[in-house]
Amino acid sequence: DAMVIQNPRYQVTQFGKPVTLSCSQTLNHNVMYWYQQKSSQAPKLLFHYYDKDFNNEADTPDNFQSRRPNTSFCFLDIRSPGLGDAAMYLCATSRARLAGKDTQYFGPGTRLTVL
Amino acid sequence: AQSVTQLDSQVPVFEEAPVELRCNYSSSVSVYLFWYVQYPNQGLQLLLKYLSGSTLVKGINGFEAEFNKSQTSFHLRKPSVHISDTAEYFCAVSGRRGNFNKFYFGSGTKLNVKP
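What you are looking at is a predicted structure, and each value in this text was computed from that prediction instead of being measured.

A. Representation of the overall build of chain A in the model. From N to C terminus, chain A includes zero helices and eleven strands. Each helix and strand of chain A, ordered N terminal to C terminal, gives the series β-β-β-β-β-β-β-β-β-β-β. Taken against the 2.2 N^0.38 rule, which gives 13 Å for 115 residues, the C-alpha radius of gyration of chain A at 13 Å falls within 12% of a compact globule. Judged by the C-alpha coordinates and their principal axes, chain A covers about 40 × 30 × 30 Å. Classification of the 115 residues of chain A by burial places 51% in the buried group. Here chain A displays about 5,300 Å² of accessible surface, and carbon together with sulfur accounts for 51% of that area. Across chain A, the mean location of the 12 positive side-chain charges is 4 Å away from that of the 9 negative side-chain charges.

In structure tokens, the structure reads:
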């Protein structure tokens, strides 16, 4: 089945220690998104890629970076995690950026704990 | 600008009872509306979506929603809930912002089905 995969499902890191979260997709979608979701809150968009075109949300901290080496993979790098970065990180994909009708397909998420 | 309001943060209901989860949206352009379900420590799964046409939309797991343009609402309903429906439900509107389409999520409604 076509799907969005996130690894690892659970990640523990130390305060200030860089961490990378991974997302892959077999849907061959053009757009990939990273969301941050804190407990009992709505997902918050951090950035998205349309192909290799990177688009940052205005309020995404510089501490968060992303890479998309090819269509299938996208990475979220947190350069110096703080306690406030502990959250669920969701990867999503959609077929095309400007088609408002497009569904976003979500992965299972990575729960990040910062000690 | 687009926005979504989910008036109820928590909805307790007994098994086999009907339920309605409320969603109101604000949008000045064409409206595309979505309901997602999130089980604990999981990603978001699409329940149903309204793109155009019939205002009554049927989704997975016996859920349906009705688009009401005059009341700017997209309430989710199920005639008889099961314990397994216990989850958090997010309403979203897809809106064009700049050169891409962004999902605007409501704050979520936690459905707690009791035996």
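B. The sheet that holds strand 7 (residues 64-67) of chain A, seen in detail. Residues and elements named next belong to chain A. Strand order in the open sheet formed by four strands is 1-3-8-7, and the pairing between neighbours is antiparallel. Whereas interior strands pair on both sides, the edge strands pair on one side only; in this sheet they are strand 1 (4-7) and strand 7. Here the average twist between neighbouring strands, direction ignored, is 20°. Pairing between strand 1 and strand 3 (residues 19-25): four bridges, direction antiparallel. Residue pairing in the sheet places Gln6 in a bridge with Cys23 of strand 3.

C. Fine view of the side chain of Thr93 of chain A. Residue and element names in this part refer to chain A. Here Thr93 is to be found in strand 9 (residues 87-94). Within the structure, Thr93 has its side chain in polar contact with the side chain of His29 (distance 2.8 Å). For Thr93, the contacting residues outside a window of four places in its chain are Val4, Gln25, Leu27, His29, Val31, Met32, Tyr33, Thr103, Gln104 and Tyr105.

D. Representation of the pattern of salt bridges in the model. This structure, assessed with the given rule, holds nine salt bridges over all chains. Across the salt bridge formed by Asp102 of chain A and Arg95 of chain A, the nearest N and O atoms sit 3.3 Å from each other. Its salt-bridge partner being Glu66 of chain B, residue Arg77 of chain B comes within 3.4 Å of it at the nearest N-O pair. Of the two residues, Arg77 of chain B sits in strand 9 (residues 73-78) while Glu66 of chain B sits in strand 8 (residues 64-68), which places them eleven residues apart along the sequence. Each of the salt bridges in this network shares a partner with another, and the network as a whole consists of Glu20, Glu66 and Arg77 of chain B.

E. Focus on the interface of chain B and chain A. Contact residues are listed per partner, giving 24 residues for chain B and 27 residues for chain A. Interface area lost by chain B to chain A is led by Asn41, Phe100 and Asn101 of chain B, which between them contribute 26%. Taken together, the links from chain B to chain A amount to one salt bridge. Here chain B and chain A share eight residue pairs in polar contact (both at pLDDT 80 or more) between them. For the side of chain B that touches chain A, the elements supplying multiple residues, two or more each, are strand 5 (32-38), strand 6 (44-50), strand 10 (87-97) and strand 11 (100-105) of chain B. For the side of chain B that touches chain A, the leading source of residues is strand 11 of chain B, giving five residues. Residue composition of the side of chain B that touches chain A, by class: ten nonpolar, nine polar and five charged.

F. Quick look at the packing of aromatic side chains. Inspection of the entire model under this criterion finds 18 aromatic pairs over all chains. Ring centres of Phe106 of chain A and Phe105 of chain B lie 6.2 Å apart, and the angle between their planes is 70°; this geometry places the pair in the edge-to-face category. With Phe106 of chain A in strand 10 (residues 105-106) and Phe105 of chain B in strand 11, this residue pair bridges two chains. Summarising the aromatic geometry, the rings of Tyr50 of chain B and Phe67 of chain B are spaced 4.2 Å apart at their centres and angled 20° between planes, so their arrangement reads as stacked. Pair noted here: Tyr50 of chain B is in strand 6 and Phe67 of chain B is in strand 8, with a separation of 17 residues, a long-range link.

G. Representation of the nonpolar core in the model. Residue and element names in this part refer to chain B. Residues Trp35, Leu48, Phe74, Leu76 and Tyr89 are the most contacted members of the largest nonpolar core, which totals 28 residues. If one sorts the elements of this core by residue count, strand 10 sits on top with four residues. Beyond its immediate chain neighbours, meaning those up to four positions away, Tyr89 contacts Gln6, Leu21, Trp35, Tyr36, Val37, Leu47, Phe63, Leu76, Gly108, Thr109 and Leu111.

Rules of the game
Residues numbered from 1 in each chain as written. Chains lettered and ligands numbered in written order. Predicted model: local features only at pLDDT ≥ 70, side-chain atom pairs only at ≥ 80, totals over all residues. Heavy atoms only, no water. Helix = DSSP H or I, 4+ residues; strand = E, 2+ residues; numbered from the N terminus. Rg over C-alpha atoms; globule rule 2.2 N^0.38 Å. Buried < 20%, exposed > 50% of the residue type's maximum accessible area, 1.4 Å probe, protein only. Areas by Shrake-Rupley, 256 points an atom, 1.4 Å probe, with all protein chains shown as cover. Lys, Arg positive; Asp, Glu negative; His and termini not counted. Charge placed at Lys NZ, Arg CZ, Asp CG, Glu CD. Pairing = 2+ DSSP bridges. Axes fitted to C-alpha atoms, helices over the stretch in contact; angles between N-to-C directions. Polar contact = N/O pair within 3.5 Å; in protein donor to acceptor, adjacent residues only side chain to side chain. Contact = heavy atoms within 4.5 Å. Salt bridge = Lys/Arg side-chain N within 4 Å of Asp/Glu carboxyl O. Buried area = accessible area lost by both parts, 1.4 Å probe. Nonpolar A, V, L, I, M, F, W, Y, C, P; charged D, E, K, R; others polar. Phe/Tyr/Trp six-rings, centres within 6.5 Å; stacked < 30°, edge-to-face > 60°. Core = buried A, V, L, I, M, F, W, Y, C linked by side-chain atoms within 4.5 Å.

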